[in-house]
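Chain by chain, the residues:
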Amino acid sequence: MLDIQQTLIDDEAGPSWLADFQTANNNLWSSQNWPTRKTESWKYTSLKAIETGGYRPRSAINSGSDQAQANGAVSGSVIESVIASSRIEGLETIDVVFVNGAFSPSLSSVDTLPSGVELCLFSQANSQQQADIREHLGSVAKAEQHVFVALNGGQLKDGVFVKVQKNTVVDNPVRVLWITTQQKQSLALAQRLLVVVEEGAKASIVEQFVSSEEEQNCFTHGVTELVLQDNSKLFHYRLHQEQEKTALVSGVHAKLLRSATLESFYLAFGGTIKRLDVVVDHQGQGAHCEMNGVYLPRNSQHVDFHTCIEHAVPHCTTNEVFRGIIGDSAKAVFNGRIHIHKDAQKTLAQLSNKNLLTSNKAEIDTKPELEIYADDVQCAHGATVAQLDEMSLHYLRTRGVSTEEAKVMLSFGFINALVDQVHHQAIANYLRPILANLFAQDPELMRHIA
Amino acid sequence: MLSIQNLHANVDDKHILKGLNLEIKPGEVHAIMGPNGSGKSTLGHVLSGRDGYEVTDGAVQFLEKDLLEMETEERAREGLFLAFQYPVEIPGVSNMEFLKASVDAVRAHRGEDALDSVAFMKKAREFCKAVDLNQDFLKRGVNEGFSGGEKKRNEIMQMMLLQPRLAILDETDSGLDIDALQVVAEGVNSLRAADRSFIVVTHYQRLLNYIQPDYVHVLAGGKIVKSGGKELALELEEKGYGWLENEVA
C-alpha cells in the first residue's frame, strides 16, 4: 500500500453490524494498486491532485479548532445561500442534507415520509433495515473491480438507505443534498447511498452535489447503489454543481431486474478532478435503461465519465446519450462501454457521445466501446467532436441575431436538447438558467433562452 | 432597393458568379430562373454574407448602402431576408426563443421598442395561422422534426414577423405540394407593398402562377443572360434552358 492510500483512511469503525463489510473493503483497498496513467481506465485522468492534496479523513484530524470546523461548524449564512441556490423551484422533495460529510437533521425533511417509503441513515437503521442494508450493500458496486469503491466501503461510517416498498408509487423525489464548504484542513469525505426499489414500485431520486462559492478543499469519494427489482421504475438525477476546485471520485452502480426501467440524467461541471463511474447491470430480461448526461468543464477543469452497461440477459434495451461542451483549457474524458454477453440476444443498445470544443486548448478524449458476443442484437454507437455548426450560426445571423448571441444560443441548445427530455419539468426549469449563465457572461446574451 | 454590378464570387475557389448585374426598385418582384448549377442559390448566399462565399469583384448596394461591407446580422437588421432552400434544424433552441431573439434584434436596430412577450406571442400566433402552421410549432426546437413543407412555411412565417424590405426566396417552392405552395404564395402576396421588393429564385414556372413577377431573369453560367416580363417564364417552361445556353455561347 502506498503512502497516499494510507493517508486517505483511518481506523475509526462504522456500525458494528457492518464490521465484516468494512474489513473486507479495507483489505481490498490495501491490496489493490493505486491507479496510475498506465492503468487503462485511468489513462486520461491523473490522480495527482488527490495524491498531493493532503486530504485526510475527519477523524484523523486532532487539533481543536480544526476538529470543530471539520465537524461541520460552518457559517449559517454560507449554508443558507447554498441551500437557496440548490433549491429546485416547483419540486416537492424529501430532503436528506449533508454538510461536509455530516448529516444535518435541521436542514433535512425526513420526519414524515410518504407511506411505503423507508429512509434512514445506516447509523439509525432498525434491525430489519440493517438486514436489508446487509443484503444489498456492496452487491451492486464491486469493490474488487473499483479501487475507490473499496476505499469508500472501508471508510464507511454512515450512509443513506432508501427503500420503496412493493407497488408503491412515490411522486415526490428523495433529494440527497451533499454540501461542502471550504475547510481549514483538506478533508476526505465518504458519501454512500443505497436505494432499493421493490417490485412494481416507482420512485425518483435526486442526488445533488453543491458547494459554497469559495475555493473548495474537500475530496469526496462516493458510491451510490441502485437496486431495481422486477417491474420497478426509477428516475435518477445526479447533478454535480460544485465549485471548480472540488475533487471527487464517485460511482453510480445500478442493477436492473426483470422489466425494470432506469431513467437517469447526469450533469457535471468540471473540478480539479471529477471522475464518475456509471455501471448499469441488466440482470433481468426486459430491463430498460435510458441514460442522458452532459458535462461542461471550463477554465482548467477536468471531468471524466466512464460508463459501462452490462447486458447479461436477452431482451434488454439501452439508450445512452452524453454531450459535452469543453471550453478554455479544460479537459473531458468520456468512455462509454456497452458489453453484450453471449446470452443477451435481442438486445437493443445505442450510445451516442457528441462534444463541442469552444477553444483551441480544450481537450476531449472520447471512446465508445461496443463489445458484442451475441449474434442477434441491434447496436449502434458513435462519437463526434466538433465546433459550433457553421450553418446553424449563419441561419441565426441571417435573422438579425448577433454572432455572440447566436453562439450562446447554439451552445445552450446543444445541451438543452437533452435537458428538454428529462421527466421532471421542474428540474429542467431549474437547470436551464444555470446552463444559460454558463455560456453567457453578459446577461443580454442569455435573455432569450432561459 | 438593390443594385448589383458585375458581381463575381467564388465558392471553394470555384468561380460561380461571373459578372452578374441586377437592378431592383422598391415594390418590384423579380424572378430568377435557370438550370441547376447556374449560381441561383449562390446569389442568395452571397447576398446574405455566408462564410466561404467569397466576392472577388463587383459591388452591391442595398438601400444605398454597401451591402458587402456589412456583417450577415447587419444585413438582416437593415431589412434583407433570405428564405432558405434548406432551413436548418436547431434542436434545443425553441422556435419561440429564436423568433423573439430575431424580432428583438431587428426592432432594436430600427429604433423600435422591444415587443413584450404577450404582444410578441400574439403576432407569432397570428402569422402561424396565416401560413397554416400549428401553434405547437412555436414550442418545438427550430425546424426540429418539421416536414419539408412545414420548414418552408416556417420561413415565410419568419418573413412576416420580420417585415423585411427585400426578401429573397431561395427555391421556396421545391418540395411543396400544391396546397403548401398556395399558402406560401399567399404569404408572400400579403406582404407585397410599394416599399418592399422580392427576389423569387425558382427552377420551375409553377410558383409564378401564384406570385406574379414584374420581371423574369435567366441566370446561366454565373450571369444573367436574358431578362423579360412574366411571359418569359412561360417560354422557358415550354422550351427549357438549352436554347439560351446556346444563344450565350
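### Looking at the overall build of chain B
Thought 1: Each helix and strand in chain B was counted, giving eight helices and twelve strands.
Thought 2: For 249 residues, the compact-globule estimate of 2.2 N^0.38 gives 18 Å, and the C-alpha radius of gyration of chain B, at 18 Å, lies within 12% of that figure.
Thought 3: Across the 249 residues in chain B, those meeting the buried criterion constitute 57%.
Thought 4: For chain B, the proportion of contacts with a sequence separation of at least 24, taken over those separated by at least 6, is 68%.
Thought 5: Accessible surface for chain B amounts to roughly 10,600 Å². Of this, 45% is attributable to carbon and sulfur atoms.
Thought 6: Side-chain charges of chain B comprise 28 positive and 40 negative groups, with the mean position of each set lying 4 Å from the other.

### Examining the interface of chain B and chain A
Many structure descriptions define interface size as the accessible area lost when the parts assemble.
Thought 1: Each partner contributes to the interface: chain B provides 34 residues, whereas chain A provides 26 residues.
Thought 2: Of the roughly 2,300 Å² buried at the junction of chain B and chain A (both faces included), carbon and sulfur atoms supply 59%.
Thought 3: Among the ionic pairs, A:Glu390 bridges to B:Arg50, the shortest N-O distance being 3.6 Å.
Thought 4: Taken together, the connections running from chain B to chain A amount to 14 residue pairs in polar contact (both at pLDDT 80 or more).
Thought 5: Elements represented by at least two residues in the side of chain B that touches chain A include exactly helix 2 (72-78), strand 6 (80-83), strand 7 (90-94), helix 3 (95-109) and helix 5 (148-162) of chain B.
Thought 6: At eight residues, the largest contribution of residues to the side of chain B that touches chain A is made by helix 3 of chain B.
Thought 7: Of the residues in the side of chain B that touches chain A, the class split is 17 nonpolar, seven polar and ten charged.

### Examining the sheet that holds strand 9 (residues 166-170) of chain B
All names here are of chain B.
Thought 1: Across the sheet, which stays open at both edges, the six strands sit in the order 6-9-10-3-11-12 with mixed pairing between neighbours. Each end of this open sheet is capped by a strand with a single partner; those strands are strand 6 and strand 12 (223-228). With direction set aside, neighbouring strand axes in the sheet form an average angle of 20°.
Thought 2: In the sheet, strand 3 (residues 29-33) pairs with strand 10 (residues 197-201) via four bridges, with the strands oriented parallel. Bridge pairing in strand 10 places Ile 32 opposite Val 201.
Thought 3: Sheet strands in contact with helix 5 are strand 6, strand 9 and strand 10, and its direction is about 170° off that of strand 6.

### Here we look at the environment of B:Lys152
Residues and elements named next belong to chain B.
Thought 1: By secondary structure assignment, the location of Lys 152 is in helix 5.
Thought 2: Classification of Lys 152 by relative accessible area gives buried; the value is 4%.
Thought 3: Remark: the alpha-carbon pair of Lys 152 and Gly 175, spanning 23 residues in sequence, is separated by 9.2 Å.
Thought 4: With near-sequence residues (within four places) excluded, Lys 152 lies in contact with Phe 84, Gln 85, Pro 87, Glu 171, Thr 172, Ser 174 and Leu 176.
Thought 5: A polar contact of 3.4 Å, which involves the side chain of Lys 152, links it to the backbone oxygen of Gln 85.

### Comments concerning unusual backbone geometry
Thought 1: Of note, A:Asn231 is a non-glycine position whose phi angle comes to about 60°, a positive value.
Thought 2: Considering the arrangement of structural elements, one finds A:Asn231 in the loop between strand 9 (218-228) and strand 10 (233-240).
Thought 3: Taking the relative accessible area as the measure of exposure, A:Asn231 reaches 49% and is therefore partly exposed.
Thought 4: Unusually for a residue other than glycine, B:Asn6 sits at a positive phi of about 50°.

### Observations concerning the side chain of A:Asn355
Residues and elements named next belong to chain A.
Thought 1: Here Asn 355 shows up in strand 18 (residues 348-357).
Thought 2: Judged by relative accessible area, which is 1%, Asn 355 ranks as buried.
Thought 3: Among the polar contacts listed, one links the side chain of Asn 355 to the side chain of Tyr 295, at a separation of 2.6 Å.
Thought 4: In contact with Asn 355, other than residues within four places in its own chain, are Tyr 295, Gly 324, Ile 326, Ile 364, Thr 366, Thr 384, Val 385, Ala 386 and Phe 414.

### A short note on the pattern of salt bridges
Opposite charge on two side chains permits them to pair, given that their charged atoms come into close proximity.
All names here are of chain A.
Thought 1: What the rule picks out here adds up to 33 salt bridges over all chains.
Thought 2: Asp 132 is the salt-bridge partner of Lys 163, the closest N and O atoms lying 2.8 Å from each other. With a gap of 31 residues between them, Lys 163 in strand 5 (residues 160-164) and Asp 132 in helix 6 (residues 127-136) connect regions that are remote in the sequence.
Thought 3: On the basis of relative accessible area, Lys 163 is assigned to the buried category, the value being 9%.
Thought 4: Exposure remark for Asp 132: the relative accessible area of 9% places this residue in the buried category.

### Observations regarding the state of the cysteines
Covalent bonding between the sulfur atoms of two cysteines defines a disulfide.
Residues and elements named next belong to chain A.
Thought 1: This model, assessed by the stated rule, comprises zero disulfides over all chains.
Thought 2: Unpaired in this structure, Cys 289 has its nearest cysteine sulfur neighbour in Cys 316, at a distance of 10 Å.
Thought 3: The class for Cys 289 is buried, based on a relative accessible area of 0%.

### Focus: helix 6 (residues 178-191) of chain B
Residues and elements named next belong to chain B.
Thought 1: Its 14 residues give helix 6 an end-to-end C-alpha distance of 20 Å, which sits within 8% of 20 Å, the value for a rise of 1.5 Å per residue.
Thought 2: Of all the positions in helix 6, only Ala 180, Leu 181, Val 183, Val 184, Ala 185, Gly 187, Val 188 and Leu 191 are classed as buried.
Thought 3: The secondary structure elements touched by the buried residues of helix 6 are helix 4 (117-130), helix 5, strand 9 and strand 10.

### Here's the deal with the confidence of the model for chain B
Thought 1: Counting all residues, the mean pLDDT for chain B is 90, and 98% of those residues have values of 70 or more.
Thought 2: Element-level mean pLDDT values for chain B span from 67 in helix 8 (residues 242-248) of chain B up to 96 in helix 2 of chain B.

### Examining the packing of helix 5 of chain B against helix 6 of chain B
Residue and element names in this part refer to chain B.
Thought 1: For the pair helix 5 and helix 6, interaxial distance at closest approach is 10 Å and the crossing angle is 15°. Classified by the angle their axes make, helix 5 and helix 6 are roughly parallel. Crossing of helix 5 over helix 6 shows left-handed handedness. In this structure, helix 5 uses Arg 153, Ile 156, Met 159 and Met 160 to contact helix 6, whose residues at the interface are Val 183, Val 184, Gly 187, Val 188, Ser 190 and Leu 191.

### Regarding the sheet that holds strand 2 (residues 14-24) of chain B
Residue and element names in this part refer to chain B.
Thought 1: Taken in spatial order, the four strands of this open sheet run 2-1-4-5, and their pairing is antiparallel. Looking along the sheet, the strands with just one partner apiece sit at the ends: strand 2 and strand 5 (65-66).
Thought 2: Contacts from helix 1 (residues 40-48) reach strand 1 (2-11), strand 2 and strand 4 (53-62), with the element oriented near 105° to strand 1.

### Looking at the packing of aromatic side chains
Thought 1: In this structure the tally under the stated criterion is 17 aromatic pairs over all chains.
Thought 2: With centroids separated by 5.5 Å and ring planes inclined at 40°, the aromatic side chains of A:Phe98 and A:Trp178 adopt a geometry described as tilted. With A:Phe98 in strand 2 (residues 94-99) and A:Trp178 in strand 6 (residues 174-180), the pair connects residues that are 80 residues apart, well separated along the chain. Here the two residues A:Phe98 and A:Trp178 agree in accessibility, since each one is buried.
Thought 3: Clustering of aromatic rings is evident, with ring pairs tying together A:Trp29, A:Trp34, A:Trp42, A:Tyr55, A:Phe148 and A:Phe219.
Thought 4: One residue, A:Arg275, lies across the ring of A:Trp42, its end atom 4.0 Å from the ring centre.
Thought 5: Positioned over the ring face of B:Phe137 is B:Arg140, at 4.7 Å from the centre of the ring.

Analysis parameters
- Residues numbered from 1 in each chain as written.
- Chains lettered and ligands numbered in written order.
- Predicted model: local features only at pLDDT ≥ 70, side-chain atom pairs only at ≥ 80, totals over all residues.
- Heavy atoms only, no water.
- Helix = DSSP H or I, 4+ residues; strand = E, 2+ residues; numbered from the N terminus.
- Rg over C-alpha atoms; globule rule 2.2 N^0.38 Å.
- Buried < 20%, exposed > 50% of the residue type's maximum accessible area, 1.4 Å probe, protein only.
- Contact = heavy atoms within 4.5 Å.
- Areas by Shrake-Rupley, 256 points an atom, 1.4 Å probe, with all protein chains shown as cover.
- Lys, Arg positive; Asp, Glu negative; His and termini not counted.
- Charge placed at Lys NZ, Arg CZ, Asp CG, Glu CD.
- Buried area = accessible area lost by both parts, 1.4 Å probe.
- Salt bridge = Lys/Arg side-chain N within 4 Å of Asp/Glu carboxyl O.
- Polar contact = N/O pair within 3.5 Å; in protein donor to acceptor, adjacent residues only side chain to side chain.
- Nonpolar A, V, L, I, M, F, W, Y, C, P; charged D, E, K, R; others polar.
- Pairing = 2+ DSSP bridges.
- Axes fitted to C-alpha atoms, helices over the stretch in contact; angles between N-to-C directions.
- Disulfide = S-S within 2.5 Å.
- Expected span 1.5 Å × (residues − 1).
- pLDDT = per-residue confidence, 0-100.
- Parallel < 35°, antiparallel > 145°, perpendicular 65-115°, else oblique.
- Left-handed = near helix turned anticlockwise from the far one by under 90°.
- Phe/Tyr/Trp six-rings, centres within 6.5 Å; stacked < 30°, edge-to-face > 60°.
- Lys NZ or Arg CZ within 6 Å of the ring centre and 35° of its normal.

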